[in-house]
Amino acid sequence: MTATKDAFFIATKMSARDKAEATDHTARAIIADEAKLREKKTEKLKALRLQRQAEAEPELPAPKRKRKVSIKSAGQ
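The shown structure was predicted, so the numbers you read here are calculated from the model rather than taken from an experiment.

Caption draft 1: Structural detail: the overall build of the protein. Within the protein, the secondary structure is distributed over 2 helices and 0 strands. Burial statistics for the protein: of 76 residues in total, 0% are counted as buried. Carbon and sulfur atoms form 57% of the exposed surface of the protein, whose accessible area is close to 8800 Å².

Caption draft 2: Up close: the pattern of salt bridges. Tallying each qualifying case throughout the model produces 2 salt bridges. One salt bridge in this structure joins R17 and E21, with 3.7 Å as the shortest N-O distance. Here R17 pairs with E21, and both are found in helix α2 (residues 16-55), just 4 residues apart, close to one helical turn. What makes R17 exposed here is its relative accessible area of 64%.

Rules behind the numbers
Residues numbered from 1 in each chain as written. Predicted model: local features only at pLDDT ≥ 70, side-chain atom pairs only at ≥ 80, totals over all residues. Heavy atoms only, no water. Helix = DSSP H or I, 4+ residues; strand = E, 2+ residues; numbered from the N terminus. Buried < 20%, exposed > 50% of the residue type's maximum accessible area, 1.4 Å probe, protein only. Areas by Shrake-Rupley, 256 points an atom, 1.4 Å probe, with all protein chains shown as cover. Salt bridge = Lys/Arg side-chain N within 4 Å of Asp/Glu carboxyl O.

Shape descriptors only; they carry no functional weight alone.
See the structure below:
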């Protein structure tokens with residue numbers, strides 16, 4: 001058998017509805033894959049952040065500054 005274009009390509013055209021369904025299916029599959037990858041990346045980064053926070057030393061609060069009390073003389 002020789003290779004001809006009839007052996008590789010279907011001669012019938014797809015209807016507009018079939019094309020739209022195929023495009024919609026493909027687009028939804030791509031979007032779902034991207035969402036899975038994004039969620040996986042988010043979980044990984046969250047785990048790393050929590051690990052880093054657990055390993056880090058706890059931060060001490062900054063010491064409070066004392067106010068200077070000014071004494072005004074009664075004559076002013």
